[in-house]
Amino acid sequence: MKKILKTLIPIDIAKGLKVTGKYFFKVFLTANRAKKRPHGTEEYPEVPVKLQPRFRGRLTMLKDEQGEIKCVCCLACEKICPTQVITIESGKKEGRKTKLPTRYDFEMERCIFCEFCVESCGFDSIILNHQFELAAYNREDFSIGMLGKEHNMFEVTPVAKFSYSDED
Amino acid sequence: MNAPVQMTLLQTCVMAILQAVAAVIFIFVVVPMTIYAERKVIGHAQDRLGATRIAGHRVGLTGFLNKWMWRAGKVPILSYWRGLPMLVGDIAKMFLKEDVVPSKADRAIFLAAPCLSMIAAVVVFGAISFAPGALFIMPKWFPIVGGLPFNGAMTDMNVGLLFILGIASVGVYGIVLGAWASNSKYPLLGGLRSGAQIVSYEVPLTLSLLAPVVLAGTLNFGTLTRVLAVESSPLAIPLMAVGFLVYLTCGFAETNRVPFDMPEAENELVAGFHTEYSGMRFGFFYLAEYINMVVVSCLAGAFFLGGPYLLPFGLHQFAAKLPVIGAPNALWYVLKIIFLLWVFIWVRATIPRYRYDQIMSVAWKYLIPLTLVLVVLAGAVRFVS
């Protein structure tokens, strides 16, 4: 009897319909407001995406308050790197006790963004920044060193022009 | 209600042509809009936006206005119809695709089947009456025949409902013949399933429409709508409410919509009965399904939701006193049809496909006895009142 009643009265179907109907109106009424978003759709190229704080982007070197490179060439990052994309040449500078990198080559095309280098660094001199638009047209653009105006270890990579929003 | 105006032959002809044009426009506007709405409504119900890419930015309908809002870093106001030009792309794709006929197929039947489905779906519109009352009544100075009363259907015949049911069940021939003529296993299985399912659900569908017919005592579409909305007794309200749900269930099954989309179960059968079809022939099946949705919505709206009258189930006599909205108007009917189409999509976003034996057992074990009881009760209500 209970089974027959349950079949005849579509209470379960009504419950399901209530859930989807509620979400329909919730999204429909707020679909146009960027601030109030109950929907999961990212309007990505037009509206920047909010990244999680633990997002792992491109490797970047840091400088301290005096503008000095924090790195002391302990080679911990170079050794721990699974894909061996980091190459360091150390040098000296007048008035600085520790060593200073003369070259710090980072080949992003093979990097797996595992963050081992950042964890192994005892001087907090490198981080993975929050840049994820890393695409480029040329392979050379992925080889990043300390020198160079556009591609260097201290600033974010210039974004390649792919989408409409990147124009003008 | 205005008494039906006796029309001259010329007036009748002009009305018929006007309504034929209206029906064609209705089909070719409402059906693509439904396809678009399907994307958006399912998207919204599932916590996302649906199609947004075309016309959301620089190309298309709203692109020009949207451009400046995107630059200001805001989601544009006019973004409700983002993705609308996708329809044009869909239709163009359907026309441009290669039309393949399998070499071992039964060629004549293979080519005729989609047309059969399509014709069966479209012809029904001839008997559906969008008025009494009117969206517009042509004034007396209208150049043709001294004004046109927008009255009745294209053919407001005495057996309108019978005609609709008869033609609508021809649609299954298109599916079964197309499936058989493809000379392939999966379409054949899909066609068999579809045949069994539609034959099963034809019975409760017709029986659930029989209850209103018994209550009203006529088969004429317009009169049936009027009697059910204005003159039926309050005793019939629970009866009609249950009948509405049963009719809607059977309508879902008849149009092969989710959760009853056995013939095109793409997980089990490759795509069901239209596996071998491509291009515009597949498009005909696709359109026929959506037109059938509209037809089912038209019937449900007319017989259970009051059609052009504001309130259903004989409650319109209370609403009739209201100044503007109380008058019967074809607009109410269109709104009810749109609401029912929305319900179709809403259910699709909610309920997954049933198992085949469950579908059959629902039809034979539950719906047919229930509708038989409904018909008996309808007779009792008519006897009492």
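Once a new chain begins, its residue numbering starts again from 1 and follows that chain's sequence as written. Chains carry letters from A onward and ligands carry numbers from 1 onward, assigned in written order. For this predicted model, a pLDDT threshold of at least 70 governs which residues receive local features, and a threshold of 80 or more governs which side-chain atom pairs are given and counted, while totals over whole chains, interfaces and linings are taken from all residues. The side-chain quantities take in all heavy atoms of the structure and omit both hydrogens and water.

Q: What's the story with the overall build of chain A in this structure? I'm lost.
A: Elements are defined by DSSP. Helices are runs of H or I of four residues or more, strands are runs of E of two residues or more, and each kind is numbered from the N terminus. What chain A contains, in helices and strands, is four helices and five strands. Here chain A holds 168 residues, and the buried ones make up 32% of them. The contact rule is simple, with two residues in contact once any of their heavy atoms fall within 4.5 Å. Across chain A, every contact between residues at least 6 apart in sequence was considered, and the portion connecting residues at least 24 apart equals 64%. Accessible surface for chain A amounts to roughly 11400 Å². Of this, 57% is attributable to carbon and sulfur atoms. To sort residues, take the accessible area from a 1.4 Å probe on protein chains only and compare it with the maximum for the residue type: under 20% means buried, over 50% means exposed, and anything in between is partly exposed. Per-residue accessibility takes into account occlusion by the displayed protein chains alone, with areas from the Shrake-Rupley method and a 1.4 Å probe.

Q: It is not clear to me how the environment of Leu-87 of chain B should be interpreted in this structure. Could you clarify?
A: Residues and elements named next belong to chain B. For Leu-87, the position within the fold is in helix α3 (residues 86-96). Take Leu-87: its relative accessible area is 10%, and that puts it in the buried class. Measuring from C-alpha to C-alpha, the distance between Leu-87 and Tyr-36 comes to 6.8 Å, with 51 residues separating the pair along the chain. If sequence neighbours within four positions are ignored, Leu-87 has contacts with Pro-32, Ile-35 and Tyr-36.

Q: Looking at this structure, how should I read the packing of aromatic side chains?
A: Two rings belonging to Phe, Tyr or Trp (six-membered ring only in the last case) form a pair when the distance between their centres is within 6.5 Å. Interplanar angles under 30 degrees mark stacking, angles over 60 mark edge-to-face geometry, and anything in between is tilted. For the structure shown, the criterion picks out 17 aromatic pairs over all chains. For the pair Phe-55 of chain A and Phe-132 of chain A, a centre-to-centre distance of 5.9 Å together with 75° between the ring planes defines the contact as edge-to-face. Placement of the pair is Phe-55 of chain A in the loop between α2 (11-30) and β1 (59-61) and Phe-132 of chain A in the loop between β4 (126-128) and β5 (143-144), with a sequence separation of 77 residues. For Phe-55 of chain A, a relative accessible area of 27% puts it in the partly exposed group. Aromatic rings pair up to connect Phe-24, Phe-25 and Phe-28 of chain A together with Phe-339, Trp-342 and Trp-346 of chain B into one cluster. Geometry around Phe-154 of chain A places Lys-63 of chain A over its ring, the cationic atom sitting 4.4 Å from the centre. When the NZ atom of lysine or the CZ atom of arginine is within 6 Å of a ring's centre and also within 35 degrees of its normal, the charge is said to sit over that ring. Sitting over the face of the ring of Tyr-356 of chain B, Arg-193 of chain B holds its NZ or CZ atom 5.3 Å from the ring centroid.

Q: Even after reading the chapter, I still don't get the pairing of strand β3 (residues 100-107) of chain A, so can you show me in this structure?
A: For a regular strand, side chains alternate in direction, first toward one face of the sheet and then toward the other. Residues and elements named next belong to chain A. In terms of strand pairing, strand β2 (residues 86-91) meets β3 through six bridges, oriented antiparallel. From the neighbouring strand, Gly-91 faces β3, where its bridge partner is Leu-100. Bridging between β3 and β5 involves two bridges; their strand directions are antiparallel. Its bridge partner being in β5, Glu-107 is matched across the sheet by Ser-143. A strand pair is defined by DSSP finding two or more bridges across the two strands.

Q: What's the story with unusual backbone geometry in this structure? I'm lost.
A: The general pattern is negative phi for most residues beyond glycine and trans for most peptide bonds. Located in the positive-phi region is Leu-75 of chain A, a residue other than glycine, with phi close to 65°. When you line up the elements, Leu-75 of chain A lands in the loop between β1 and α3 (76-80). Overall, Leu-75 of chain A belongs to the partly exposed group, its relative accessible area being 28%. Of note, Asp-47 of chain B is a non-glycine position whose phi angle comes to about 70°, a positive value.

Q: Quick question: what am I supposed to make of the UniProt feature "binding site: [4Fe-4S] cluster 2" (unreviewed entry) in chain A here?
A: Residues and elements named next belong to chain A. What UniProt calls "binding site: [4Fe-4S] cluster 2" (unreviewed entry) maps, in this numbering, to Cys-81, Cys-111, Cys-114 and Cys-117. These annotated residues cover 37 residues of sequence, and their C-alpha atoms all fall within 10.9 Å of one another, placing them together at a single site. Among the structural elements, Cys-114 can be located in the loop between β3 and α4 (116-120). Sequence-distant contacts of Cys-114, that is, excluding residues within four places in its chain, are made with Arg-56 and Pro-82. Positionally, Cys-117 belongs in helix α4. In contact with Cys-117, other than residues within four places in its own chain, are Leu-59, Cys-77, Ile-80, Ile-86 and Ile-126. UniProt positions are given in the numbering used here, feature names are shortened, and annotations may be inferred rather than shown by experiment.

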